[in-house]
Amino acid sequence: MNWGMLLALLGAGLAVTTNCFGSSKGVGMVAEAASPVIAEDSSKFGKLLVLMLLPGSQGLYGLVITILSLTQIGVLGGTVIPNTAAGVARGGLFLIACLPMALGGLASALLQARVALTGVQLISKRPQDSGKAVTSASLVELYALLSFVSSLLMVMSINGINW
Amino acid sequence: MGPGNSKYAYAVSGAHVYEKSFFRRSDMDKLLAAPSYEAVVAMLQERGWTMPDDTRDSGKILDLEISRAWNWVTASAPDPDLFRSLVLRNDFHNLKAGIKCLLSDFEVDQEFTKPSVIDRSLMKEAIETHSFDKLPEPFSSLGAEVYDLLVRTGDGQMADILIDRKCLDEITKAANASGVDLLKNEMEIYTATCNIKTAFRAIKTGKDRAFLERALSDGNTTISRDQLLACADEEKKMESLLSYLSTTSYSSGTKYLSSSPAEYEKWVDDQMLALLLPTRHSPLGPEPVIGFYLGKEAEIKNIRIILAAKQNNLPLDVVSGRLRRLYE
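Below, the structure is looked at part by part. (Residues numbered from 1 in each chain as written. Chains lettered and ligands numbered in written order. Predicted model: local features only at pLDDT ≥ 70, side-chain atom pairs only at ≥ 80, totals over all residues. Heavy atoms only, no water.)

**Considerations on the overall build of chain A**
So, point 1. Within chain A, the regular secondary structure consists of five helices and zero strands.
So, point 2. The principal-axis extent of the C-alpha atoms belonging to chain A is close to 60 × 25 × 20 Å.
So, point 3. Burial analysis of chain A (163 residues in total) assigns 44% to the buried set.
So, point 4. In chain A, the share of contacts with a sequence separation of at least 24, taken over all contacts with a separation of at least 6, comes to 81%. (Helix = DSSP H or I, 4+ residues; strand = E, 2+ residues; numbered from the N terminus. Buried < 20%, exposed > 50% of the residue type's maximum accessible area, 1.4 Å probe, protein only. Contact = heavy atoms within 4.5 Å.)

Written out as structure tokens, the structure is:
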């Protein structure tokens with residue numbers, strides 16, 4: 001059993017799974033909340049669409065981290081992690097590198113959905129304030145981006161470490 | 001954001017959309033200022049209220065509207081059973097009214113109230129055929145007991161006590177089973193203030209402790225049943241009751257008990273509504289849906305008062321003072 005490879009794949013898998021879970025849950029909730037508003041006034045669909053899409057970005061960030069990890073560990077290119085003690089440590093590092101995206105992305109997708117839900121209510125009552133609703137929900141995106149950049153930098157630099 | 005709460009995304013958003021058609025205080029003033037009953041009905045119709053064929057019967061108009069709101073709650077909420085404590089009292093009212101109507105040779109369902117948990121045709125059939133076992137518990141055993149009591153003794157007051165007590169017990173049980181704090185607190189106010197009213201009336205009419213023991217429900221956390229019962233043992237019963245109530249969270253409403261029962265009812269309704277407001281804008285969870293339904297009830301109580309005032313040419317200043325706080 002190549003434990004190093006297993007740990008690296010676990011990290012890559014977590015990055016996309018947790019983010020896709022958070023994004024699908026978030027987008028689903030906001031879309032559900034938006035449907036009574038659209039049923040009442042279909043002209044609000046455009047304004048609500050932005051809010052519905054916002055919690056979906058984390059899924060894409062997670063996918064990027066996963067693909068990048070796979071290109072570094074010999075699945076989609078790069079050097080295969082050896083079945084040695086150093087390989088296990090390297091695999092562990094990939095797992096750690098994926099965690100900021102896996103956890104930060106999941107939390108930010110769910111919390112962003114919550115802000116977007118209040119935005120849906122705001123647009124329902126005061127459509128002219130849609131900009132404020134989108135801006136508020138976008139603030140949470142910053143923390144998904146920070147998680148993404150952290151994971152990206154770590155994944156990119158692991159193979160450069162001398163063992 | 002628990003997984004349970006996230007199920008409410010559609011219901012909460014839908015409730016907020018529906019609430020936009022609620023009457024506000026300024027709308028109530030316009031309804032009050034309307035020249036006639038027909039003008040009020042026309043304003044309700046403009047707001048999207050469904051009208052029965054005969055608009056002269058205000059009860060039918062209001063029944064349709066509250067049923068529409070309740071049907072919306074049960075269709076939109078992911079777990080409609082959670083909200084049953086909001087309408088349980090109507091089922092107990094229907095059981096009581098149905099049996100009394102049957103024994104007085106009236107149509108069994110003529111005093112039925114909407115909405116209800118138990119289908120009204122099932123309730124009617126069970127009462128008409130005396131087959132109370134068709135109803136779920138506790139209605140089956142309670143119905144049989146009350147029917148038997150009325151046939152044997154004709155003691156309407158005892159029948160009322162049995163049903164009202166069971167009603168309050170079941171509401172407390174259903175609210176506690178829901179696990180929703182807002183619902184528990186709302187129903188706590190409702191049942192506690194009903195118990196206070198019962199204790200006050202019983203002591204005022206010289207009833208003894210045994211009567212109170214049968215009439216007062218269990219399970220309140222904001223008042224003590226034992227303390228209320230103890231008041232009946234005192235020499236100065238009423239002073240003792242009022243003195244105890246002044247130490248509870250209901251002290252500000254106690255003054256209305258002796259001056260005006262209608263004012264007391266209004267005070268209770270306003271207390272219940274005030275409790276809804278902090279969770280009104282929650283993006284998820286059952287609280288905004290509970291707020292929506294109780295808010296609709298408050299609106300309907302006000303419209304009922306206004307329609308009755310227009311039908312009976314009551315003075316506007318008196319009517320205005322009776323209007324409940326609104327969910328706004």
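**Topic: the overall build of chain B**
So, point 1. A tally of helices and strands in chain B yields 17 helices and zero strands.
So, point 2. In terms of principal-axis extent, the alpha carbons of chain B reach across some 55 × 55 × 50 Å.
So, point 3. Split into buried and exposed, the 328 residues of chain B put 52% on the buried side.
So, point 4. Of the contacts formed within chain B by residues at least 6 apart in sequence, a portion of 65% connects residues at least 24 apart.
So, point 5. Summed over all atoms, the accessible surface of chain B reaches about 14500 Å², with 48% contributed by carbon and sulfur.
So, point 6. A gap of 4 Å separates the mean positions of the 41 positive and 49 negative side-chain charges of chain B. (Areas by Shrake-Rupley, 256 points an atom, 1.4 Å probe, with all protein chains shown as cover. Lys, Arg positive; Asp, Glu negative; His and termini not counted. Charge placed at Lys NZ, Arg CZ, Asp CG, Glu CD.)

**Some words on the pattern of salt bridges**
So, point 1. A full pass over the atoms with the stated rule returns 29 salt bridges over all chains.
So, point 2. Notably, a salt bridge pairs Lys-44 of chain A with Glu-40 of chain A, separated by 3.9 Å at the nearest N-O pair.
So, point 3. Taking relative accessible area as the criterion, Lys-44 of chain A reaches 6% and is therefore assigned buried.
So, point 4. Of the charged contacts, one joins Glu-265 of chain B and Lys-197 of chain B as a salt bridge, the two residues approaching to 2.7 Å between their closest N and O atoms. (Salt bridge = Lys/Arg side-chain N within 4 Å of Asp/Glu carboxyl O.)

**Points about the nonpolar core**
So, point 1. Counting residues in hydrophobic clusters, the biggest one holds 106 residues, and the most contacted among them are Phe-83, Leu-86, Leu-95 and Tyr-293 of chain B.
So, point 2. Considering each element in turn, this core owes the most residues, twelve residues, to helix α10 (residues 181-204) of chain B.
So, point 3. Core analysis: the second largest hydrophobic core is formed by 19 residues, Leu-48, Met-52, Ala-116 and Ala-133 of chain A among them. (Core = buried A, V, L, I, M, F, W, Y, C linked by side-chain atoms within 4.5 Å.)

**Notes on the side chain of Asn-220 of chain B**
All names here are of chain B.
So, point 1. Among the secondary structure elements, Asn-220 is positioned in the loop between α11 (209-215) and α12 (225-231).
So, point 2. With relative accessibility at 15%, the residue Asn-220 sits in the buried group.
So, point 3. A polar atom in the side chain of Asn-220 sits 3.2 Å from the side chain of Glu-188.
So, point 4. In terms of polar contacts, Asn-220 uses its side chain to reach the side chain of Asn-195, at 2.8 Å.
So, point 5. In this structure, Asn-220 is in contact with Glu-188, Thr-191, Ala-192 and Asn-195, ignoring residues within four places of it in sequence. (Polar contact = N/O pair within 3.5 Å; in protein donor to acceptor, adjacent residues only side chain to side chain.)

**A short note on the interface of chain A and chain B**
So, point 1. Listed per partner, the contact involves 18 residues of chain A and 16 residues of chain B.
So, point 2. Between chain A and chain B the total buried area reaches about 1500 Å² when both faces are included, carbon and sulfur atoms providing 62% of it.
So, point 3. Per-residue buried area on chain A facing chain B is highest for Arg-114, Gln-121 and Lys-125 of chain A; these three make up 37% of the total on that side.
So, point 4. Where chain A packs against chain B, one counts one salt bridge.
So, point 5. For the pair chain A and chain B, the interface holds four residue pairs in polar contact (both at pLDDT 80 or more).
So, point 6. Contributing elements (two or more residues each) for the side of chain A that touches chain B: α1 (3-40) and α4 (85-125) of chain A.
So, point 7. When residues of the side of chain A that touches chain B are assigned to their parent elements, the largest contribution, nine residues, is made by α4 of chain A.
So, point 8. Per-class residue counts for the side of chain A that touches chain B are eight nonpolar, four polar and six charged. (Buried area = accessible area lost by both parts, 1.4 Å probe. Nonpolar A, V, L, I, M, F, W, Y, C, P; charged D, E, K, R; others polar.)

Structural measurements only, silent on function.
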